[in-house]
Amino acid sequence: MKLSRRRIFGLVAALAVIIALGAALCFPALERHYMRKQAAQDAVPLNLAAEGLRAALERYAPLPALIAERAELARLLNNPDDATLLAMVNEDLRQTGATVKASDVYLMDISGRTIAAASYREPGSYLGRNFNYQSYFTQALTGDLSSFSVYGTTTGERGYFYAAPVEDGERIVGVLAIKFNISAFESIWRGADSEFMVADRNDFVFMSSRPDWHFRAKRPLSDATLRLIAQNLQYPIDRIDLLPITATPLNEDAQQVYIEGEPRESYVLTSLRLNDLDWTMSALSPRKPATLNALNTLLIAGLFASLALAALLAYLLKQARQSEALAREQEAKRLLEAAVAERTADLQTALGDLRQTQTDLIQAGKLSALGQMSAALSHEFNQPLAAVKSYADNATAFLDRDRLPEAKDNISRISKMADRMATISAHLRNFARRPQQATGPLLLNTVIQDALAVIDMRLASEGGTVNYTSPTTEVWVTGGHVRLQQVIVNLINNALDAMEDQPNRVVTMTVEGTTLHVRDTGHGIEPAKVANIFDPFFTTKAPGKGLGLGLSISFNIVSDFGGALSAANHPDGGAVFSVALQPATPLEVAAQ
Ligand code: ADP
């Protein structure tokens with residue numbers, strides 16, 4: 001997989017966004033999970049609180065029946081006008097109330113009118129008040145020994161009431177009631193982590209650790225319920241309002257609730273049914289810990305995800321770096337190859353140019369050779385032709401005057417000129433045709449001696465010496481006698497030509513192995529011309545003195561023998577020409 005850096009960052013960013021989105025989507029479920037857990041934890045203190053409440057309520061249940069057994073009570077009910085008895089009962093009730101820490105202990109006659117009370121000395125005393133409408137009273141009248149209810153109408157103070165009938169023999173003559181202040185229970189709940197509330201069957205909250213939740217309904221009360229409450233004067237109807245609570249169930253016993261207000265409160269609500277009392281007790285713990293737990297979990301998961309992403313990023317970046325390096329390497333290689341190819345193409349072009357130049361030079365060389373040849377030939381032939389013409393004119397003039405001998409002389413001169421031109425022509429033909437003639441073993445010394453005999457005539461007329469000592473042993477070489485002699489004569493002639501303007505003209509010939517060296521003491525060869533002297537028609541001599549064919553022909557002859565002709569300048573001056581020949585088996589030896 002090949003990814004650019006930008007792609008990698010894009011991919012990782014996309015993954016990060018996906019993870020963040022996933023986290024955002026997971027959060028509510030996670031939070032609900034922790035809220036359920038919290039509810040399960042809250043169930044413990046809730047059960048304890050409920051047990052505490054139930055135990056407290058039960059503790060005082062038998063109390064009214066015990067007090068009601070006091071004989072003075074029945075007596076007072078039978079003699080309500082006995083002031084002494086009333087004073088005694090009042091004081092007795094006050095002491096009892098103080099002992100059990102009740103907020104009031106009071107005695108009602110059969111009509112429900114309060115005739116004696118522990119609070120007889122206090123301003124808002126129940127004395128004289130009629131409670132025949134209260135359910136605890138009516139229940140007690142029917143013989144219930146521990147009727148119980150919660151009210152808050154009379155004093156605005158919420159109380160719970162126990163009542164028992166006062167009997168005179170088999171007859172019920174009155175009701176004794178004890179009121180406890182409900183807030184005494186609530187005070188135990190204060191300081192707990194959770195808030196508590198207790199609601200009756202109508203979801204009417206009458207107890208709570210939060211005073212502002214007292215007398216508030218968790219759901220709108222029906223008209224019938226409201227009527228009943230008003231009728232019983234159970235609660236201060238004008239204070240009843242709705243607790244603005246919205247709930248989302250978490251499970252059977254738990255809900256997530258909001259209580260609207262400033263600020264809006266959010267709780268995990270855990271409920272417990274108190275079936276015997278027909279109440280529901282709830283613990284409300286702030287939702288914050290569950291939210292924080294969910295956030296923590298997501299944070300840790302996010303941390304791990306980030307680590308994983310970072311690792312992925314690092315891995316992909318490393319991969320990208322490697323493939324970039326590889327690409328760079330390949331690019332460098334490609335550039336190198338391209339450079340090499342370009343250079344090769346350049347060289348090829350250069351080579352092509354060189355070949356073209358070579359071809360051009362060869363062509364130019366041919367043309368120059370042709371030019372040199374034309375110049376040489378026209379001179380060689382023009383001079384004798386001009387002579388022939390003047391001899392012919394002379395002969396004609398002599399004939400006109402009948403001077404025959406002179407005419408004859410001129411005609412014979414014409415014949416000589418013709419011979420000379422024939423010689424030149426033969427020379428050219430030789431050069432052009434290079435006839436293949438047989439080669440064989442030659443005694444080198446014999447050929448040299450024959451060549452010297454040809455040269456002798458020139459030496460006699462022009463002066464000059466040839467130093468040559470025959471080798472002590474026979475030197476057999478491969479070649480053709482006449483042609484090798486022609487080569488040697490040509491070399492000696494050139495040597496004499498080179499020394500023409502010198503008083504002391506010596507040609508030295510030595511045999512070294514199968515090589516013959518011909519050295520002179522002339523002007524030598526101009527170094528720049530050494531390469532050209534074997535070219536046909538190359539000559540430095542004045543017109544009419546040389547055709548420039550001698551060395552070219554000699555070179556080809558020696559090559560035909562399988563040998564080599566070379567030229568050099570001698571360190572002591574003058575030129576040295578070397579005829580290197582192939583050794584040959586002597587004829588006599590071959591014959592044997
Ligand atoms: P030609 O003698 O007609 O010029 P050759 O082919 O024999 O033609 O010689 C070519 C040229 O080589 C001469 O013109 C001369 O310049 C040079 N050359 C030949 N032999 C000698 C020599 N011994 N010393 C100096 N230059 C020489």
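One can find the structure itself at the top, above this paragraph.
Here the structure is a predicted model, which is why all the values come from computation and not from measurement.

Engineer: Can you help me understand the overall build of the protein in this one?
Structural biologist: Counting its secondary structure elements, the protein contains 13 helices and 20 strands. Computed over its C-alpha atoms, the radius of gyration of the protein comes to 76 Å, more than 25% above the 25 Å expected for a compact globule of 592 residues. For the C-alpha atoms alone, the extent of the protein along its principal axes is close to 225 × 60 × 45 Å. Looking at the 592 residues of the protein, the share that counts as buried comes to 38%.

Engineer: I would appreciate a short explanation of the site of the ligand in the present structure.
Structural biologist: Near the ligand, the surroundings consist of 20 residues, among which Asp-520, Thr-539, Thr-540, Lys-541 and Leu-551 are the closest. With respect to the ligand, the side chain of Thr-539 contributes an N or O atom lying 2.7 Å from an oxygen atom. Between Gly-550 and the ligand, the recorded distance is 3.4 Å, taken from a backbone N or O atom to an oxygen atom. About the coverage of the ligand: the protein hides 94% of its 540 Å² of free accessible area.

Engineer: How should the packing of helix 11 (residues 481-498) against helix 12 (residues 550-560) be read in this particular structure?
Structural biologist: Two numbers describe a pair of packed helices, the interaxial angle and the distance between the axes. Packing of helix 11 against helix 12 brings their axes to within 10 Å, and their N-to-C directions diverge by 145°. When the axes of helix 11 and helix 12 are compared, the crossing they make is left-handed. Between helix 11, through Arg-483, Gln-486, Val-487, Asn-490, Leu-491 and Asn-494, and helix 12, the contact on the second element is made entirely by Gly-550, Leu-551, Ile-553, Ser-554, Ile-557 and Val-558. Classifying every residue of the contact of helix 11 with helix 12 gives six nonpolar, five polar and one charged.

Engineer: How should helix 3 (residues 71-78) be read in this particular structure?
Structural biologist: An α-helix turns once per 3.6 residues; consequently, residues spaced three or four apart project the same way. Those residues of helix 3 that sit buried are Glu-72, Leu-73, Ala-74, Leu-76 and Leu-77. Those residues of helix 3 that are buried are in contact with helix 2 (63-68), helix 4 (83-100), strand 1 (104-109), strand 2 (114-117), strand 4 (159-168) and strand 5 (171-181).

Engineer: Got a minute to help me understand the layout of surface pockets in this structure?
Structural biologist: Over the atoms a probe the size of a water molecule is rolled, and this reveals where empty space is left. Of the voids in this model, the largest pocket is the one considered here, and its volume is about 1,500 Å³. If you go around the largest pocket, you meet 46 residues; those closest to its centre are Asn-494, Asp-497, Lys-541, Lys-545 and Gly-546. Of all the elements in the fold, those that place two or more residues in the lining of the largest pocket are helix 9 (404-433), helix 10 (444-462), helix 11, helix 12 and strand 20 (575-580). The class makeup of the residues in the lining of the largest pocket is 16 nonpolar, 17 polar and 13 charged.

Engineer: Just checking my understanding: could you explain the packing of aromatic side chains for this structure?
Structural biologist: How two aromatic rings sit relative to each other is set out by the distance from centre to centre and by the angle between their planes. Taken as a whole, this structure holds 13 aromatic pairs when the rule is applied. For the ring pair Tyr-162 and Phe-180, a centre distance of 6.0 Å and an interplane angle of 80° mean the geometry is edge-to-face. Separated by 18 residues along the polypeptide, Tyr-162 in strand 4 and Phe-180 in strand 5 bring together distant segments of the chain. Here Tyr-162 and Phe-180 have matching classes, each one buried. Ring centres of Phe-206 and Trp-279 lie 4.7 Å apart, and the angle between their planes is 65°; on these two criteria the pair is classed as edge-to-face. Of this pair, Phe-206 sits in strand 7 (residues 204-208) while Trp-279 sits in strand 13 (residues 279-286), placing them 73 residues apart in sequence. Residues Phe-206 and Trp-279 agree in their burial class; the two are buried. Members of the aromatic cluster, joined through ring pairs, are Tyr-60, Tyr-160, Tyr-162 and Phe-180. Between Arg-264 and the ring centre of Tyr-258, over which it is positioned, the NZ or CZ distance is 3.6 Å.

Engineer: Looking at this structure, I do not really get the pattern of salt bridges. What am I missing?
Structural biologist: Opposite charge on two side chains makes pairing possible when the charged atoms of those side chains draw close. Applying the stated criterion across every chain yields a total of 22 salt bridges. For Glu-91, the salt bridge goes to Arg-94, with nearest N and O atoms at 2.7 Å. Of this pair, Glu-91 and Arg-94 both sit in helix 4, separated by three residues, roughly a single helical turn. By relative accessible area, which is 21% here, Glu-91 ends up partly exposed. On the basis of relative accessibility, which here comes to 27%, the residue Arg-94 falls in the partly exposed class. The partner of Arg-413 in a salt bridge is Asp-409, with the nearest N and O atoms 3.1 Å apart.

Engineer: Hey, could you run me through helix 10 in this one?
Structural biologist: Across its 19 residues, helix 10 extends 27 Å between first and last C-alpha, which sits within 8% of the 27 Å expected from 1.5 Å per residue. The largest bend along helix 10 measures about 35° and falls at Ile-455. Where helix 10 is concerned, the buried positions are Leu-444, Val-447, Ile-448, Ala-451, Leu-452, Ile-455, Arg-458 and Leu-459. The secondary structure elements touched by the buried residues of helix 10 are strand 14 (440-443), strand 15 (465-468), strand 16 (476-479), helix 11, strand 17 (506-512) and strand 18 (515-519). One or two residues past the end of helix 10 sits Gly-463, with phi positive at roughly 85°.

Engineer: What is the right way to read unusual backbone geometry from this model?
Structural biologist: Leaving glycine out, the prevailing phi sign among residues is negative, and the prevailing peptide bond configuration is trans. Note the cis peptide between Glu-262 and Pro-263, where omega equals 0°. Here Pro-263 shows up in the loop between strand 11 (254-259) and strand 12 (265-274). Within the chain, Lys-101 stands out as a residue other than glycine whose phi angle is a positive 60°. In this structure, Lys-101 sits in the loop between helix 4 and strand 1. Of the residues examined, Lys-101 reaches a relative accessible area of 70% and is grouped as exposed. In this structure, Asp-203 takes a positive phi of about 60° despite not being glycine. For Asp-203, the position within the fold is in the loop between strand 6 (195-199) and strand 7. You can call Asp-203 partly exposed: its relative accessible area is 21%.

Engineer: Before we go on, may I ask you to explain the nonpolar core in this structure?
Structural biologist: Grouped together as the largest cluster of nonpolar side chains are 50 residues, with contacts concentrated most on Leu-93, Leu-107, Val-166, Leu-176, Phe-180 and Met-281. Here this core gets seven residues from one element, more than from any other, and that element is helix 1 (residues 5-60). Contacts of Val-166, omitting those with residues within four sequence positions, involve Ala-68, Leu-73, Ala-74, Leu-77, Leu-107, Arg-171, Ile-172, Val-173, Gly-174, Val-175 and Leu-176. Counting residues in hydrophobic clusters, the runner-up holds 46 residues, among them Leu-428, Leu-491, Met-499 and Ala-567.

Rules behind the numbers
- Residues numbered from 1 in each chain as written.
- Predicted model: local features only at pLDDT ≥ 70, side-chain atom pairs only at ≥ 80, totals over all residues.
- Heavy atoms only, no water.
- Helix = DSSP H or I, 4+ residues; strand = E, 2+ residues; numbered from the N terminus.
- Rg over C-alpha atoms; globule rule 2.2 N^0.38 Å.
- Buried < 20%, exposed > 50% of the residue type's maximum accessible area, 1.4 Å probe, protein only.
- Near = heavy atom within 4 Å.
- Polar contact = N/O pair within 3.5 Å; in protein donor to acceptor, adjacent residues only side chain to side chain.
- Areas by Shrake-Rupley, 256 points an atom, 1.4 Å probe, with all protein chains shown as cover.
- Axes fitted to C-alpha atoms, helices over the stretch in contact; angles between N-to-C directions.
- Left-handed = near helix turned anticlockwise from the far one by under 90°.
- Contact = heavy atoms within 4.5 Å.
- Nonpolar A, V, L, I, M, F, W, Y, C, P; charged D, E, K, R; others polar.
- 1 Å grid on protein atoms, 1.4 Å probe; cavity = no way out; pocket = protein on both sides within 12 Å on 5 of 7 lines; lining within 4 Å.
- Points joined across faces, edges and corners; volume = space filled by probe spheres on them.
- Phe/Tyr/Trp six-rings, centres within 6.5 Å; stacked < 30°, edge-to-face > 60°.
- Lys NZ or Arg CZ within 6 Å of the ring centre and 35° of its normal.
- Salt bridge = Lys/Arg side-chain N within 4 Å of Asp/Glu carboxyl O.
- Expected span 1.5 Å × (residues − 1).
- Bend = angle between axes of the 7 residues up to and from the residue.
- Core = buried A, V, L, I, M, F, W, Y, C linked by side-chain atoms within 4.5 Å.

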